[in-house]
Amino acid sequence: APRTPTISRPLPPELLERDLRCPFDPPAELRRLHAEAPVARTRLANGNEVWVVTGYDEARAVLADTRFSSDSFRRADATRPEPPLGPDEPRGDGMFIFMDPPEHTRLRRLLIGQFTVRRMRALEERVREIATDLITAMRDGGDRADLVPSFSLPLPSLVICELLGVDYADRAEFQDRTAVALNLNASDTERAEASAAIYRFMQGLVAQKREHPADDLLSGLVHDTEAALTDRELVDIAVTLLGAGHETTANMLALGTYALLEHPDQLAALRDDPELGDSAVEELLRYLSIIHTGPKRVATEDVELGGVTVAAGDTVLVSVPETNRDAGHWPEPERLDLSRGRTPHLAFGHGVHQCLGQQLARVELKIGLTELLARLPGLRLDVPAAEVPLRTDMIVFGVHALPVAWD
Ligand code: HEM
């Protein structure tokens, strides 16, 4: 069977540790490297060295330059414990996030054709219904809850069900599997089993769409006769959308809420003026920059970058949180200011792999956060802030739980 990436990887810890006095600031080691140079070399606990890019211009240059490969499965990736795949070893057929052009271009183009304006409009209405249903269930359950299982995990998971066309009857199973796959407290075996179950689930879904096409993205891909995608490609694409769209949005929702609760003036501004929603989402994406040690690339030839030579074969980690706090691009970058408007932050990446789901993510965040504030008056933390368990152990930063209460 092809070696397939797990959805969430707890690596590399030395770049994720942070000063817990401010949970929203980037990890201490990234701060140190940024102060040292825009492109700095550092050694990981596994003994391998990597380049960490913290300069804004250098980060954009890497992400726009196809001499830096995304195919970290077939190339030696210094952060990964396993050796690279051999030339004849199969890799996921449709994992386009790990592909380079022109292989990547073909699948990306097919996907873009499915993210239509009409489909996104219809999804927006469903996002609002899903968000309000979840909040109603929270209120029906009392005046306190853990926001992670009751809101921030199920919202993006149900939106992906809408996108892929998962039947209502199968959604509980889908959500259980994805929750286990993303839960660090689950054992490695449980997580691996959940990942395998997600693959089986997606296989069943693709088979179902072949038989009974509906008006969803997956059916659109299955029945694109010109593209003639294989089942294997379709399953990988479905898993990629889940992997890229679920954990990221879930953590932005929970960490975004936590950040607002810790900045009461900003929270009040957004609650009083929901028109601030678009700008608030952009600023939270910039300020929190939840993907801390990626995007990741492997150099395919020697490249001059920010005064150093990155050699062919070197691994490069773009540090999104540090680039998004570049003082040359944002006045007072350390301050959360929801009124900044849209700024050229790199939270969704840049270049050919720039986030395909960014419009959908923006809709989920804006509706999710504004509905929470509107429908849960007096929303507050239900534990001392220092007790909120942070995901300092995961590539996608956020919180493991967020106990909240309301009036
Ligand atoms: C790619 C961030 C939500 C689907 C990316 C990349 C980033 C990113 C940084 C670039 C990766 C790279 O260059 O290697 C985020 C954040 C999100 C979010 C912060 C939420 C706040 C979503 C959603 C979906 C999605 C909701 C879809 C349902 C994708 C896909 C790619 C991608 C398919 C790969 C695109 C390609 O390789 O061409 N995302 N994303 N993302 N994202 Fe998102």
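Presented here is a report on the structure given in the accompanying data block. (Residues numbered from 1 in each chain as written. Predicted model: local features only at pLDDT ≥ 70, side-chain atom pairs only at ≥ 80, totals over all residues. Heavy atoms only, no water.)

Here the focus is the coordination of the iron atom of the ligand. Of all protein atoms, Cys355 (SG) alone acts as a donor to the iron atom of the ligand, lying 2.3 Å away. Among the secondary structure elements, Cys355 is positioned in the loop between helix H14 (320-323) and helix H15 (358-375). (Donors = N, O, S within 2.8 Å, 3.2 Å for Na, K, Ca; no water. Helix = DSSP H or I, 4+ residues; strand = E, 2+ residues; numbered from the N terminus.)

Where helix H13 (residues 277-288) contacts H15, the axes come no closer than 9 Å and their chain directions differ by 110°. Between H13 and H15, the angle falls in the class roughly perpendicular. Judged by the sense of rotation from one axis to the other, the crossing of H13 with H15 is right-handed. Along its contact with H13, which presents Gly277, Asp278, Val281, Glu282, Leu284 and Leu285, the element H15 presents Arg362, Leu365, Lys366 and Leu369. When grouped by side-chain class, the residues that make up the contact of H13 with H15 number five nonpolar, one polar and four charged. (Axes fitted to C-alpha atoms, helices over the stretch in contact; angles between N-to-C directions. Parallel < 35°, antiparallel > 145°, perpendicular 65-115°, else oblique. Left-handed = near helix turned anticlockwise from the far one by under 90°. Contact = heavy atoms within 4.5 Å. Nonpolar A, V, L, I, M, F, W, Y, C, P; charged D, E, K, R; others polar.)

Under the defined criterion, the tally for this structure stands at five aromatic pairs. Their ring planes at 80° and their centres at 5.7 Å tell us that Tyr56 and Trp330 sit as a pair that is edge-to-face. Of this pair, Tyr56 sits in helix H2 (residues 56-64) while Trp330 sits in the loop between H14 and H15, and the two are 274 residues apart along the sequence. For Tyr56, a relative accessible area of 3% puts it in the buried group. What makes Trp330 buried here is its relative accessible area of 2%. Ring centres of Phe174 and Phe201 lie 5.3 Å apart, and the angle between their planes is 50°; on these two criteria the pair is classed as tilted. Linking Phe174 in helix H7 (residues 171-182) with Phe201 in helix H8 (residues 188-211), this pair joins segments that are 27 residues apart in sequence. Taking the ring centre of Trp51 as reference, the NZ or CZ of Arg41 above it sits at 4.9 Å. For Arg171, the ring lying beneath its charged end belongs to Tyr168, and the centroid distance is 4.2 Å. (Phe/Tyr/Trp six-rings, centres within 6.5 Å; stacked < 30°, edge-to-face > 60°. Buried < 20%, exposed > 50% of the residue type's maximum accessible area, 1.4 Å probe, protein only. Lys NZ or Arg CZ within 6 Å of the ring centre and 35° of its normal.)

Before going further, it helps to examine H15. With 18 residues, H15 extends 25 Å from end C-alpha to end C-alpha; this agrees with the ideal 26 Å at 1.5 Å per step. With 14 of its 18 residues buried, H15 lies for the most part within the structure. (Expected span 1.5 Å × (residues − 1).)

What follows concerns the site of the ligand. The full set close to the ligand counts 25 residues, and His104, Arg108, Arg297, His353 and Cys355 are the nearest of them. Between an oxygen atom of the ligand and a side-chain N or O atom of His104, the distance comes to 2.7 Å. Separating an oxygen atom of the ligand from a side-chain N or O atom of Arg108 is a distance of 2.8 Å. Here the residues of the shell around the ligand sort into 15 nonpolar, seven polar and three charged. (Near = heavy atom within 4 Å. Polar contact = N/O pair within 3.5 Å; in protein donor to acceptor, adjacent residues only side chain to side chain.)

It is worth spelling out the sheet that holds strand S2 (residues 49-53) at this point. Taken together, the five strands give an open sheet; going across it, the order is S1-S2-S8-S5-S3, and neighbouring strands pair in mixed fashion. Looking at the sheet topology across the chains shown, the edges are occupied by strand S1 (39-43) and strand S3 (68-69). Examined bridge by bridge, strand S5 (residues 296-299) and strand S8 (residues 315-318) share three bridges and lie antiparallel to one another. Its bridge partner being in S8, Val298 is matched across the sheet by Thr315. Helix-sheet contacts for H2 involve S1, S2, S3, S5 and S8, and the interaxial angle to S8 is about 125°. (Pairing = 2+ DSSP bridges.)

What follows is about the sheet that holds strand S10 (residues 403-405). Taken in spatial order, the three strands line up as S4-S10-S9 in an open sheet, and their pairing is antiparallel. Single-partner strands in this sheet number two, and they are strand S4 (144-146) and strand S9 (380-381). Pairing of S4 with S10 involves three bridges; the strand directions are antiparallel. By the bridge assignment, Asp146 is partnered in S10 with Pro403.

This part is about the nonpolar core. Grouped together as the largest cluster of nonpolar side chains are 93 residues, with contacts concentrated most on Phe151, Leu164 and Met202. The residues contacting Leu164, other than those within four sequence positions of it, are Met202, Leu205, Lys209, Asp216, Leu217, Leu218, Ala238 and Leu241. Counting 16 residues, the second-largest nonpolar core is a separate cluster that includes Trp51, Val53, Ala299 and Val318. (Core = buried A, V, L, I, M, F, W, Y, C linked by side-chain atoms within 4.5 Å.)

Tracing the backbone shows Asp407 in the segment after S10. Once the C-alpha coordinates of Asp407 and Gly142 are considered, the two residues, 265 residues apart in sequence, prove to be 9.9 Å apart. Once residues within four sequence positions are removed from consideration, Asp407 is found in contact with Pro377, Gly378 and Arg380. Within polar-contact distance, the side chain of Asp407 engages the side chain of Arg380 at 2.9 Å.

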